[in-house]
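Take a look at the letters that make up each chain.
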Amino acid sequence: MRPLDLRSDTVTRPSAEMRRAMAEAEVGDDVYGEDPTVQRLEARVAEMLGKEAALFTSSGTMANQLAIGLHCRPGDEVIAEAGSHCLNFESGAMAALWGVQARTVAGDRGLFDAEDVTRLVRPIADVYPRSRLLCVENTHNRGGGTVWPLDRYTRVVEAGRRAGLAVHLDGVRLFNAQVASGVPARRYAELADTVSICFSKGLGAPVGSALCGPRELIRQARVLRKRLGGGMRQVGILAAAALWALEHNIDRLVEDHRSARCLAEILAELPGVRCDVERVETNMVFAEFPEPASEACAKLASIGILANPEGSTPRMVRMVTHLDAPLEAIEAAAPKLRECWRH
Ligand SMILES: *Cc1c(COP(=O)(O)O)cnc(C)c1O
């Protein structure tokens, strides 16, 4: 039997219908700007997020890093939450590619306040790095899939603007935020200069993300993407999967959120396991096990559940629900979990 793979929402496989859309995609050479399916995708994403233009990229990392490269010059500083993806899980890219350094905010589950931004912006003087960019992540991965309440997000973004910063929204899971909060993705997107979204997380496409923003900035992003080796040719095959995902897999994210809640409720009942059900806002579940996280993950694997240590504390395990981890599979796993962690 295939294990219940809760390591990430990236592990989904394209459905038969998605594969059909890919097989039938009209394609051309996108480096020449001749792939009609990519063009349709980019236009659709821009429209959905209320932005002038969008660019298809190979990954969320590439979309985020293009944004940082566009907004910053070497020696500049990015203000971002300490656990944010662009600092912790992108292989040191902002330093390696752009010569940019980070100034971190210690957030509460990834969220912070306008005052934090104001406090961290540098005065303009020869000795200081130039504060250039504010990055906000919604939902916040390391925070546990946290959704930014729109008013708090707005105040943070406005504080950045008042200080003359550009704003990038890492919205790789922005549609999870939309579905959980009822705030349309474009309401979050319109306040930021650039926004990245991802098709290969909860939306279930095999590959791809997009960077959206003003037309001129996205034109420059296209140049940077090529420079990084990210110009792709008949990539409409992948864009077709992304289009299919946007069409069919956004509203169903509510099911992933329901599954995550259900999983959290099961875990919270296990003796010695700590899981705060109220903190499960989207598709992520963090649970503290009685044993070290690597041991807990090995025990989980022995009953057919794959999960990863989360890393913030020694016993914390992260589980992520998705399209290929339906509620029935989670409910079916409950007796095995109870057997494994009984008194
Ligand atoms: C996964 C992720 C990314 C980047 O994803 P890729 O794996 O490079 O596609 C960016 N931001 C957040 C918050 C993520 O969770």
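Everything below is about the structure printed above this text.
Predicted model only: the values in this text are computed from it and were never measured. (Residues numbered from 1 in each chain as written. Predicted model: local features only at pLDDT ≥ 70, side-chain atom pairs only at ≥ 80, totals over all residues. Heavy atoms only, no water.)

A. Seen up close, the site of the ligand. In the vicinity of the ligand, the contacting residues are Ser59, Gly60, Thr61, Asn64, His85, Glu90, Glu137, Asn141, Asp170, Val172, Arg173 and Lys201. Contact distances for the ligand include 2.8 Å between an oxygen atom and a backbone N or O atom of glycine 60. Side-chain polar atom of asparagine 141 to an oxygen atom of the ligand: 3.0 Å apart, as the coordinates give it. Contact with the protein chains covers 86% of the free accessible surface of the ligand, which is 380 Å². (Near = heavy atom within 4 Å. Polar contact = N/O pair within 3.5 Å; in protein donor to acceptor, adjacent residues only side chain to side chain. Areas by Shrake-Rupley, 256 points an atom, 1.4 Å probe, with all protein chains shown as cover.)

B. Region of the structure containing the packing of helix H2 (residues 36–49) against helix H11 (residues 236–248). Where H2 contacts H11, the two axes come as close as 8 Å, and the packing angle between them is 35°. Handedness of the crossing formed by H2 with H11: left-handed. For the pair formed by H2 and H11, the contact residues are Thr37, Val38, Arg40, Leu41, Arg44, Val45 and Met48 on the first element and Gly236, Ala239, Ala240, Ala242, Leu243 and Leu246 on the second. Among the residues making up the contact of H2 with H11, the classes are represented as 9 nonpolar, 2 polar and 2 charged. (Axes fitted to C-alpha atoms, helices over the stretch in contact; angles between N-to-C directions. Helix = DSSP H or I, 4+ residues; strand = E, 2+ residues; numbered from the N terminus. Left-handed = near helix turned anticlockwise from the far one by under 90°. Contact = heavy atoms within 4.5 Å. Nonpolar A, V, L, I, M, F, W, Y, C, P; charged D, E, K, R; others polar.)

C. Focus on the packing of aromatic side chains. Across all of its chains, the model carries 5 aromatic pairs by this definition. With a centroid separation of 6.4 Å and an interplanar angle of 70°, the aromatic rings of tryptophan 148 and tyrosine 153 are classed as edge-to-face. Measuring from ring centre to ring centre gives 4.9 Å for phenylalanine 289 and tryptophan 341, while their planes differ by 55°; the resulting arrangement is tilted. Of this pair, phenylalanine 289 sits in the loop between strand E9 (284–288) and helix H13 (293–302) while tryptophan 341 sits in the segment after helix H14 (327–340), and the two are 52 residues apart along the sequence. A relative accessible area of 2% means that phenylalanine 289 is categorised as buried. A relative accessible area of 4% places tryptophan 341 in the buried class. Here the aromatic residues Phe112, Trp148, Tyr153 and Tyr188 are joined through ring pairs into a cluster of three or more. (Phe/Tyr/Trp six-rings, centres within 6.5 Å; stacked < 30°, edge-to-face > 60°. Buried < 20%, exposed > 50% of the residue type's maximum accessible area, 1.4 Å probe, protein only.)

D. Geometry of the side chain of glutamate 81. Considering the arrangement of structural elements, one finds glutamate 81 in strand E3 (residues 76–81). This buried residue, glutamate 81, is left without a salt bridge; arginine 142 holds the nearest opposite charge, at 8.3 Å. In terms of polar contacts, glutamate 81 uses its side chain to reach the side chain of histidine 140, at 3.1 Å. Those residues in contact with glutamate 81 that sit more than four places away from it in its chain are Leu87, Val105, Ala106, Gly107, Gly110, Phe112 and His140. (Lys, Arg positive; Asp, Glu negative; His and termini not counted. Salt bridge = Lys/Arg side-chain N within 4 Å of Asp/Glu carboxyl O.)

E. Spatial organisation of the sheet that holds strand E12 (residues 316–320). Taken together, 3 strands build an open sheet; the order of strands is E9-E12-E11 and the sheet is antiparallel. The open sheet is flanked by E9 and strand E11 (308–309), the only strands paired with a single partner. Summarising the sheet, E9 and E12 pair through 5 bridges and their orientation is antiparallel. In the strand pairing of E12, valine 285 is matched with methionine 319. Across the face of the sheet, helix H12 (residues 253–268) comes into contact with E9 and E12 while running at roughly 10° to E9. Strands in contact with H13 are E11 and E12; relative to E12, the strand with the most contacts, it is inclined by about 45°. (Pairing = 2+ DSSP bridges.)

F. Spatial organisation of the pairing of strand E8 (residues 209–213). Judged by how many residues are buried, E8 sits mostly within the fold: 5 of 5 residues are covered. With burial as the criterion, each face of E8 is covered, one bearing Ser209, Leu211 and Gly213 and the other bearing Ala210 and Cys212. Pairing geometry for strand E2 (residues 53–57) and E8, over 5 bridges, is antiparallel. By the bridge assignment for E8, leucine 55 is matched with leucine 211. Across 4 bridges, strand E7 (residues 194–198) lies against E8 in antiparallel orientation. Paired with serine 196 across the strands is leucine 211, a residue of E8.

G. Quick peek at the environment of glycine 144. Topologically, glycine 144 is positioned in the loop between strand E5 (130–137) and helix H7 (150–162). Placed 87 residues apart in sequence, glycine 144 and threonine 57 show a C-alpha to C-alpha distance of 25 Å. Each residue touching glycine 144, except ones within four places of it in the same chain, is listed here: Arg279, Met284 and Phe286.

H. Main features of the sheet that holds strand E4 (residues 101–105). Reading across the sheet, the 7 strands line up as E2-E8-E7-E6-E5-E3-E4 and stay open at both edges, with mixed pairing between neighbours. This sheet does not close on itself; its edge strands, each paired only once, are E2 and E4. Strand-to-strand twist of the sheet, defined as the mean angle between neighbouring strand axes without regard to direction, takes the value 20°. Those strands touched by helix H3 (residues 60–71) are E2, E3, E5, strand E6 (166–170), E7 and E8, and its axis lies near 30° from that of E8.

Shape descriptors only; they carry no functional weight alone.
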